[in-house]
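Examining the three-dimensional arrangement
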Amino acid sequence: MRTDELIGVLAKDAPPAPRGWVERPILLAMLGGGVVTFLVVALWLGCQPLEAALRQPWFWMKTTYTGLLVVPAAGLSMRLARPGGRSSFAPLAILAILAIMAAIAARQLFQTPAEHRLAVWLGATWRVCSPLILLLSVPIYAALVLALRTLAPTRLTQAGAAAGFLAGALAATIYGLHCPEQGAAFVATWYSLGILGATALGAVTGRLLLRW
Amino acid sequence: MGVDAKTQSPETRLKPLMLRGLDGDARAHAELLSEVSRFLRAYFGRRLGRGQSDCEDLVQEAVLAIHLKRFTYDRAQPFTPWVYAVARYKMIDYLRRSGRRTHIPLDDAGDLFAEESAEEGAVRRDLNTLLSRLPDHQRRLIEDVKITGFTIEEAAAQRGVTAVSLRVMLHRSLKWLGEQVRDED
């Protein structure tokens with residue numbers, strides 16, 4: 001086939017293009033993957049008694065932290081899903097949220113008597129927290145990969161890292177329904193490490209999985 | 001195309017075509033792809049410095065990609081950086097698939113639109129590399145539709161299907177073609 005003939009064929013496949021079709025698959029992937037992750041948490045790990053938890057400031061501290069990370073991460077994934085899309089202010093917003101959380105954690109540790117600091121920092125579940133968040137991020141990351149493959153990211157490592165970060169932050173938010181920990185220092189460390197793990201997973205696998 | 005069109009920048013010339021194509025103007029879409037293919041041919045030729053037919057395969061892959069992914073263009077943004085990003089991505093992917101490690105310098109959209117040293121001869125060469133990836137029935141569909149004067153409606157009537165379902169079949173075949181290109185190693 002000659003190129004002009006190909007163009008002739010393509011012109012016959014040119015109905016009006018839908019708008020908003022970059023955002024939609026990513027939101028659907030967050031929803032779909034999030035439901036799977038929620039079911040794993042609810043059926044396998046078990047949730048905290050919600051009525052009691054909803055009245056606790058520490059519950060909201062966790063949800064606010066990870067939930068706030070989801071917003072710029074989703075925006076970043078949507079930008080990087082378009083050819084030539086660059087990260088804009090989103091990484092700065094993410095860094096600011098991490099920095100604020102680190103400051104709150106430092107303040108908590110500072111106010112804790114020295115002999116209790118390690119216990120506060122490690123909580124009762126530090127060994128499982130980060131690996132569980134990484135594990136729980138996988139269904140969401142997989143759904144995001146499927147969504148991004150229908151789009152057109154051109155910086156695959158960056159797009160993978162952003163999708164991994166988004167999956168990690170969303171998974172951490174859902175994990176918060178199960179997690180019994182109450183300390184800011186715990187959350188700032190072990191939650192963040194889990195999210196970082198998911199980011200690394202995305203950065204490494206993105207260039208292979210996101211090709212289109 | 002008037003005399004004016006040549007003096008306009010690629011951005012002012014191509015973006016309106018893209019917008020009209022996105023709104024369903026098939027003629028504008030064809031004109032856009034044809035204009036862009038000329039830039040792609042020169043750009044790939046400069047960057048790869050290889051045989052015409054090899055280069056033309058890549059032009060066809062990139063044109064197909066631009067077509068299939070056109071909905072990812074944000075109408076509020078300039079058009080040339082978008083099309084340049086697709087072209088560059090497809091070239092890197094092509095080199096990776098053909099097992100060549102080549103460093104593609106990071107440059108900007110201006111590089112794609114540097115100059116139009118189009119070798120028109122290449123357009124007329126019959127290249128079947130792209131189509132050869134398709135199974136027979138899909139290839140026949142595209143062969144039928146490509147014949148000038150053969151409309152979607154005529155091709156549909158011949159097959160005893162509605163024009164709507166033929167359009168769907170055509171779009172699926174093209175999408176599938178894009179995936180074949182991607183998965184070829």
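Up top you'll find the structure we're talking about.
Residues numbered from 1 in each chain as written. Chains lettered and ligands numbered in written order. Predicted model: local features only at pLDDT ≥ 70, side-chain atom pairs only at ≥ 80, totals over all residues. Heavy atoms only, no water.

Looking at the overall build of chain A
Formally: Strands here mean DSSP runs of E at least two residues long; helices mean DSSP runs of H or I at least four residues long; both are numbered from the N terminus. Buried means the residue's accessible area, taken with a 1.4 Å probe over protein chains only, is under 20% of the maximum for its type, while exposed means over 50%, and partly exposed covers the values in between. A contact between two residues is defined here by any heavy atoms of the two lying within 4.5 Å. Per-residue and other accessible areas follow the Shrake-Rupley method at a 1.4 Å probe size, with only the shown protein chains counted as cover for residues.
A tally of regular secondary structure across chain A gives nine helices and zero strands. Counting helices and strands in the order they occur from the N terminus, chain A gives α-α-α-α-α-α-α-α-α. The principal-axis extent of the C-alpha atoms belonging to chain A is close to 75 × 35 × 25 Å. Taken across its 212 residues, chain A has 50% of its residues classed as buried. In chain A, of all internal contacts separated by at least 6 residues, the share reaching a separation of at least 24 is 85%. Total accessible area on chain A is roughly 9700 Å²; 72% of this is exposed by carbon and sulfur atoms.

As for the packing of aromatic side chains
Selection criterion: For Phe, Tyr and Trp, rings pair up if their centres lie within 6.5 Å, where Trp contributes its six-membered ring, and each pair is then called stacked (planes under 30 degrees apart), edge-to-face (over 60) or tilted (otherwise).
Enumeration according to the criterion identifies 11 aromatic pairs over all chains in this entry. Grouping aromatic residues by their ring pairs yields a cluster made of W121(A), W126(A) and W190(A).

Here's the deal with the side chain of T37(A)
Residues and elements named next belong to chain A. What counts, and what does not: Any N or O atom pair separated by 3.5 Å or less is treated as a polar contact, with the protein-specific requirement of one donor-capable and one acceptor-capable atom, and with residues adjacent in sequence counted only for side-chain atom pairs.
Here T37 is to be found in helix α2 (residues 23-45). Only 2.8 Å separates the side chain of T37 from the backbone oxygen of L136, close enough to count as a polar contact. Ignoring anything within four residues of it in the chain, the contact list for T37 reads L136, P139, I140, A171 and I174.

Some words on a nonpolar patch on the surface
What counts here: Like charges are joined within 9 Å and nonpolar side chains (Val, Leu, Ile, Met, Phe, Trp, Tyr) within 5 Å, but only among residues with over 30% relative accessible area and no salt bridge; these make up the patches. Just to be clear on terms, a salt bridge is a Lys or Arg side-chain nitrogen sitting within 4 Å of an Asp or Glu carboxyl oxygen.
On the surface, L28(A), L31(A), V35(A), F38(A), L39(A) and L43(A) cluster together into a nonpolar patch covering about 610 Å² of accessible area. Residue position: F38(A) is located in helix α2.

Some words on the pattern of salt bridges
With the rule as written, the count across this model stands at 16 salt bridges over all chains. The salt bridge partner of E61(B) is R97(B), with a shortest N-O separation of 2.7 Å. Of this pair, E61(B) sits in helix α4 (residues 52-68) while R97(B) sits in helix α5 (residues 80-97), and the two are 36 residues apart along the sequence. Each member of the pair E61(B) and R97(B) is classed as buried. A salt bridge links D136(B) to R139(B); the shortest N-O distance between them is 2.8 Å. With D136(B) and R139(B) both in helix α8 (residues 136-146) and three residues apart, this pair spans about one turn of that helix. Assessed through its relative accessible area of 45%, D136(B) is described here as partly exposed. Among the residues examined, R139(B) registers a relative accessible area of 27% and is labelled partly exposed. Among the charged side chains, a network of salt bridges with common partners joins R211(A), E61(B), D93(B), R96(B), R97(B) and R133(B).

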